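Tertiary structure, described
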Amino acid sequence: MAIDIDSIIKSAEQGIAHLAQQTLSDYTTQAVADGKDILNAIKEDLAGYTEQLAVGEIDQDTFNNLIQNDVSLVKMTALEQAGLAEAALDKFVSGVESIIITAAVSAIP
Amino acid sequence: MSTTILRWLAVLCFALLGLAGCATISDYDQVSYQNATSLKVDTLALIDKSSGSYAAHEQDIAAVTLELDKAYEYDNGRPLNTITMDMWNELRARYDAFLADWKRKGSFNQTAIRDYKVGYSGDAGISALFDRIIKLESGKNKPD
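Residue indices follow the written sequence of each chain, beginning from 1 at its first position. Labels are handed out in written order, letters beginning with A for the chains and numbers beginning with 1 for the ligands. Only residues with pLDDT of 70 or above have their local features reported here, since the model is predicted, and side-chain atom pairs are shown and tallied only from 80 upward, although totals for entire chains, interfaces and linings are computed over all residues. With hydrogens and water excluded, all non-hydrogen atoms of the structure serve as input to the side-chain values.

Numbering of helices and strands starts at the N terminus; helices are DSSP runs of H or I of at least 4 residues and strands are runs of E of at least 2. The secondary structure content of chain A amounts to two helices and zero strands. Compactness check: chain A gives a C-alpha radius of gyration of 24 Å against a globular reference of 13 Å for 109 residues, more than 25% above the reference. Each principal axis of the C-alpha distribution contributes one length, and for chain A these read about 85 × 15 × 15 Å. A burial count over chain A gives 38% of its 109 residues as buried. Restricting to contacts in chain A with at least 6 residues of sequence separation, those with at least 24 account for 76%. Accessible area of chain A: about 5,900 Å², with a carbon and sulfur share of 60%. Working convention for charge: Lys and Arg count positive, Asp and Glu count negative, and His plus the chain ends are omitted. Each charge is placed at NZ for Lys, CZ for Arg, CG for Asp and CD for Glu. Side-chain charges in chain A split into 5 positive and 17 negative, and the spacing between the mean points of these groups amounts to 8 Å. The atom set for the radius of gyration is the C-alpha atoms, and the globule formula is 2.2 Å times the number of residues raised to the power 0.38. The classification of residues rests on relative accessible area computed with a 1.4 Å probe and restricted to protein chains. Under 20% of the type maximum is buried, over 50% is exposed, and intermediate values are partly exposed. Working rule for contacts: check all heavy atoms of both residues, and any pair within 4.5 Å makes them a contact. All accessible areas in this document rest on Shrake-Rupley with a 1.4 Å probe, and a residue is counted as covered only by the protein chains that are shown.

Structure (structure tokens):
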């Protein structure tokens, strides 16, 4: 009894391409949108804090802390995106596993 | 089933076991998620109290700090959780800086309180830092 390896590979390739489109590109689109939102918020913060410092609503120590909070926000957003990318990749690998099993089992006469 | 098929399936099984063992980040954890969401609420409530004196709220501060320590240690004990721990370290540094500023000044006006909580934009501050941890946890893969 011969196994048609080419058929298995072709079927798996199609499934994996579809899975990559779903799992990875959705994640990338969301990551770019989130990144833009954060940068807009920080731009607004910088202008606001500077104005508040100028009119004495906050002092230099608080100003420095608030700026540092925004720096941390940038770092943590990058960490979040890295983590979500890893989770998406893990999900992708798990999906590939499932596709290969399905393709192999369905090829057995 | 022929020997050839059995051999082929054996190779496939080893390959799949290899793939399955390649997780790079921890799965979603309900306790971790609840810790972060609960601490966000508690921390923002504590910042609201900074309109009053630091000395008058030392017990409140100690209570929130203890919960932060517990959440930190819980996540620290999870495997493949380095990114979340890097985030907790960053957030903890900002929380400590807020407390130091409060202690130095005695109390804050409403402008500083709002800025510490959500930033001038309303989308930043310590609230947004918690959101990063919460969003990562909720985006992790759910265990089977």
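Next, the rest of the story.
Residues and elements named next belong to chain B. Taking 1.5 Å of rise per residue, the 19 residues of helix 3 (residues 58-76) would be expected to cover 27 Å, and the 26 Å separating its terminal C-alpha atoms lies within 8% of that figure. Taken residue by residue, helix 3 has Ile61, Val64, Thr65, Leu68, Ala71 and Asp75 as its buried positions. Buried residues of helix 3 fall within an arc of 120° about the axis and therefore sit on the same side. Multiply 1.5 Å by the residue count of a helix minus one, and that product is the helix's expected span. To obtain the arc, one takes the directions from the helix axis to the C-beta atoms.

For the pair helix 2 (residues 60-107) of chain A and helix 4 (residues 82-105) of chain B, the least separation of the axes is 9 Å and the interaxial angle reads 165°. On the basis of the axis angle, helix 2 of chain A is roughly antiparallel to helix 4 of chain B. The two elements helix 2 of chain A and helix 4 of chain B cross, and the hand of that crossing is left-handed. A breakdown of the residues in the contact of helix 2 of chain A with helix 4 of chain B according to their chemical character gives eight nonpolar, six polar and 10 charged. Helix axes are fitted only over the stretch in contact, all axes being lines through C-alpha atoms; the angle between N-to-C directions runs from 0 to 180 degrees. Should an angle lie under 35 degrees it is considered roughly parallel, over 145 roughly antiparallel, and from 65 to 115 roughly perpendicular; all remaining angles are considered oblique. Should the near helix be turned anticlockwise from the far one by less than a right angle, the crossing is termed left-handed; should it be turned clockwise, right-handed. Gly is placed with the polar residues, together with every amino acid not listed as nonpolar (Ala, Val, Leu, Ile, Met, Phe, Trp, Tyr, Cys and Pro) or charged (Asp, Glu, Lys and Arg).

Residues and elements named next belong to chain B. Their axes nearest at 1 Å, the elements helix 5 (residues 110-118) and helix 6 (residues 125-139) cross at an angle of 15°. Between helix 5 and helix 6, the crossing angle belongs to the class labelled roughly parallel. Contacts between helix 5 and helix 6 involve Asp115, Tyr116, Lys117 and Val118 on the former and, on the latter, Gly125, Ile126 and Ser127. Its residues assigned to classes, the contact of helix 5 with helix 6 shows three nonpolar, two polar and two charged.

Moving on: the interface of chain A and chain B. Contact with chain A, which involves 44 residues of that partner, is made by 44 residues of chain B. A quick way to say it: buried area is the sum, across both parts, of accessible area lost when two parts are put together, with a 1.4 Å probe. Interface of chain A and chain B: buried area, both sides summed, is about 3,800 Å²; carbon and sulfur atoms make up 64% of it. Basic side-chain nitrogens of Lys or Arg form a salt bridge, by our definition, when they fall within 4 Å of a carboxyl oxygen of Asp or Glu. The interface formed by chain A and chain B includes six salt bridges. Here B:Arg132 and A:Glu80 are joined by a salt bridge, their closest N and O atoms 2.4 Å apart. N or O atoms closer than or at 3.5 Å make up a polar contact, with two conditions inside protein: a donor-capable atom paired with an acceptor-capable one, and, for residues adjacent in sequence, both atoms drawn from side chains. Joining chain A to chain B, the criterion identifies 20 residue pairs in polar contact (both at pLDDT 80 or more). When contributions to the side of chain A that touches chain B are tallied by element, the ones reaching two or more residues are helix 1 (5-54) and helix 2 of chain A. With 27 residues, helix 2 of chain A is the single largest residue contributor to the side of chain A that touches chain B. Its residues assigned to classes, the side of chain A that touches chain B shows 21 nonpolar, 10 polar and 13 charged.

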